[in-house]
Structures are given as structure tokens and as C-alpha cells.
Amino acid sequence: EDKVVQSPLSLVVHEGDTVTLNCSYEVTNFRSLLWYKQEKKAPTFLFMLTSSGIEKKSGRLSSILDKKELFSILNITATQTGDSAIYLCAADTGRRALTFGSGTRLQVQP
Amino acid sequence: DVKVTQSSRYLVKRTGEKVFLECVQDMDHENMFWYRQDPGLGLRLIYFSYDVKMKEKGDIPEGYSVSREKKERFSLILESASTNQTSMYLCASRPGANYGYTFGSGTRLTVV
């Protein structure tokens, strides 16, 4: 059975802190790892990672994949209150549907 | 931009009612999905469809059915709603395998 595990489940930080969110996966025929941000409504796409060791960046957010150790991290530097959200990671095997982790709820306090 | 529209943001239904949740996408995507999202459990796949009139069970299909008569529309049906189906329901679509999803805004269903 395909499995994606995220940690921590919940995190509270102060503005300006740097956070690291973790995602490990055990799936057959892995193709890619995706990160989404969910505020009050629809999850929005952040990154798709297919190759090991290549960092993807978007502003203060960055992510990297390790296909040998089967995990990915999402880093957020200089956090802002607008970063408060649930962060979802998902594994794609290309054959069925994405398998999601349970999400990490991030709360950034002023 | 691809748009995925779910017909209702909030719904309150009574136990035993038949409930229809509608999802429409406007970018000719092949694949459509229904998930439910519960605290601590993440997104769990209910059903998905990879083409018109084609459907496949996800991880938790019990108590649900789906319909895809047209490519742009994927409906989730609760034949007889129960309180344990109170949840956030998310619809998503993608062009095919190896693409990310575009999500709808979600329907928060409460069954009383």
C-alpha cells in the first residue's frame, strides 16, 4: 500500500523564523513528489519534484527531493503570517491518483 | 487558468437524504477526482475517473457513488447520507498522469 507521511503534524512559529516541513514516502513506481498550500479553501500548487538533489525555489519557499532516502523537505525562510496554512505533500506514481500525506498545519504568529 | 468549480461551498443535509456534489472543470482534463479531507487524516481518495463514463474506486468508496456523463462534469453521490460523512469534500482534475492537480474550493458537508 502506498504511503506518505508528513511531520510535524502541527507547528507554531513567530514571524521571521525559518521552518522545515518533512515528507517521507513509500510508493511503488514513484514518479514525482508534489507540495500544495491550503489556506481556507482550495489547495494551491507549490512545487513538483522529480529529480533528486535539485532544489526548486519560489521566493522564500524552497524544496528538495532525496530519492535514495525517500523524502522531501519544504523550507520557508523569514516566515510571515500569510504563510499560515496547511501544507500538503503528495506522491505520484503516474498510474492512479496522488497519494497525500496528512498535512502539516503551520501557524505563524506576529 | 484552469478552473475547477464545486457547486456548493457549504451544505447541511439530514441523515438518509440523497446528496449530490457537483464538480465542473473548464480545461478539457481527462482525469477527475473526489477526495474527502478530515483533520489528522489528510486527503483520502473516494473515486476517480480517467475518461467519460469511466470510474474507479479509491480508498474509501463505501457509501458513495459517482457519475461522469460529460468530460467536464464529475458528480459525487451520497446515496443515503450518514453523520460519518460529515466532512470537507474536494474535487480535483488534471490533464493526465504525471501532472499535478487543480483543486476546486471544496464543499463542507454537514449531515445532521
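Remember, predicted model here, so these are calculated numbers, not experimental data.

Caption draft 1: How the structure looks around the nonpolar core. Residue and element names in this part refer to chain A. Counting residues in hydrophobic clusters, the biggest one holds 22 residues, and the most contacted among them are Tyr-25, Phe-30, Leu-33, Trp-35, Tyr-87, Ala-91 and Leu-106. Of all the secondary structure elements, the ones that give two or more residues to this core are strand S3 (19-26), strand S4 (32-38), strand S5 (44-49), strand S7 (61-66), strand S8 (71-76), strand S9 (85-92) and strand S11 (104-109). When neighbours within four sequence positions are excluded, Phe-30 is seen to be in contact with Tyr-25, Leu-49, Leu-65, Lys-67, Ala-91 and Asp-92.

Caption draft 2: Representation of the pattern of salt bridges. Residues and elements named next belong to chain B. Within this structure, the stated rule accounts for ten salt bridges over all chains. As a salt-bridge pair, Arg-36 and Asp-38 come within 2.9 Å of each other at their nearest N and O atoms. For the pair Arg-36 and Asp-38, a shared accessibility class is recorded, and that class is buried. Linked by salt bridges that have partners in common, Asp-28, Glu-30 and Lys-71 make up one network.

Caption draft 3: Seen up close, the interface of chain A and chain B. Each partner contributes to the interface: chain A provides 18 residues, whereas chain B provides 23 residues. At the boundary of chain A with chain B, total buried surface from both sides reaches about 1600 Å², with 52% on carbon and sulfur atoms. On inspection of chain A and its partner chain B, the count reaches one salt bridge. The shortest N-O distance in the salt bridge between Arg-94 of chain B and Asp-92 of chain A comes to 2.9 Å. Where chain A packs against chain B, one counts five residue pairs in polar contact (both at pLDDT 80 or more). Going through the elements one at a time, S4 and S9 of chain A are the ones with two or more residues in the side of chain A that touches chain B.

Caption draft 4: Here's a closer look at unusual backbone geometry. Residue and element names in this part refer to chain A. Cis geometry is found at the peptide bond from Ser-7 to Pro-8, where omega equals -10°. Note on placement: Pro-8 falls in the loop between strand S1 (3-7) and strand S2 (10-14). Look at Asn-29: it is not a glycine, yet its phi comes out positive at around 55°. As for its position among the elements, Asn-29 is in the loop between S3 and S4. A residue is classified by how much of its surface remains accessible, and Asn-29, at 53% relative accessible area, is exposed. In this model, Ala-78 sits at a positive phi of 45°, which is unusual for a non-glycine residue. Structurally, the position occupied by Ala-78 is in the loop between S8 and S9.

Caption draft 5: Structural detail: the pairing of strand S9 (residues 87-94) of chain B. Residues and elements named next belong to chain B. Where burial is concerned, most of S9 is hidden: eight out of the eight residues are buried. Inspection of the sheet shows strand S4 (residues 31-38) paired to S9 by seven bridges, in the antiparallel sense. For Trp-34, the partnering residue across the bridge sits in S9 and is Cys-91. Summarising the sheet, S9 and strand S11 (residues 107-111) pair through three bridges and their orientation is antiparallel. Its bridge partner lying in S11, Tyr-89 is registered against Thr-107.

Caption draft 6: Structural view of the environment of Glu-17 of chain B. All names here are of chain B. When you line up the elements, Glu-17 lands in the loop between strand S2 (10-13) and strand S3 (19-25). A relative accessible area of 30% means that Glu-17 is categorised as partly exposed. Residues Glu-17 and Ser-82, spaced 65 residues apart in sequence, show a C-alpha to C-alpha distance of 8.3 Å. Once you skip the residues sitting within four places of it in the chain, Glu-17 turns out to touch Leu-78, Glu-79, Ser-80 and Ala-81. Polar side-chain contacts of Glu-17 include one of 2.7 Å to the backbone nitrogen of Arg-14.

Caption draft 7: Local environment of the pairing of S5 of chain A. Residue and element names in this part refer to chain A. Pairing of S4 with S5, which is carried by five bridges, proceeds in the antiparallel orientation. Following the sheet pairing, Leu-34 is matched in S5 by Met-48. Connecting S4 to the antiparallel partner S5 that follows it, the hairpin turn spans five residues.

Caption draft 8: How the structure looks around the state of the cysteines. Residue and element names in this part refer to chain A. Taken as a whole and judged by the stated rule, the model has two disulfides over all chains. With a sulfur-sulfur separation of 1.8 Å, Cys-23 is cross-linked through a disulfide to Cys-89. Here the S-S torsion is close to 65°, and the disulfide linking Cys-23 with Cys-89 is therefore right-handed. Here Cys-23, found in strand S3, pairs with Cys-89, found in strand S9; they are 66 residues apart in sequence, far enough to count as distant. Neither Cys-23 nor Cys-89 differs from the other in exposure class; each is buried.

Cut-offs and rules
- Residues numbered from 1 in each chain as written.
- Chains lettered and ligands numbered in written order.
- Predicted model: local features only at pLDDT ≥ 70, side-chain atom pairs only at ≥ 80, totals over all residues.
- Heavy atoms only, no water.
- Core = buried A, V, L, I, M, F, W, Y, C linked by side-chain atoms within 4.5 Å.
- Buried < 20%, exposed > 50% of the residue type's maximum accessible area, 1.4 Å probe, protein only.
- Helix = DSSP H or I, 4+ residues; strand = E, 2+ residues; numbered from the N terminus.
- Contact = heavy atoms within 4.5 Å.
- Salt bridge = Lys/Arg side-chain N within 4 Å of Asp/Glu carboxyl O.
- Buried area = accessible area lost by both parts, 1.4 Å probe.
- Polar contact = N/O pair within 3.5 Å; in protein donor to acceptor, adjacent residues only side chain to side chain.
- Pairing = 2+ DSSP bridges.
- Disulfide = S-S within 2.5 Å.

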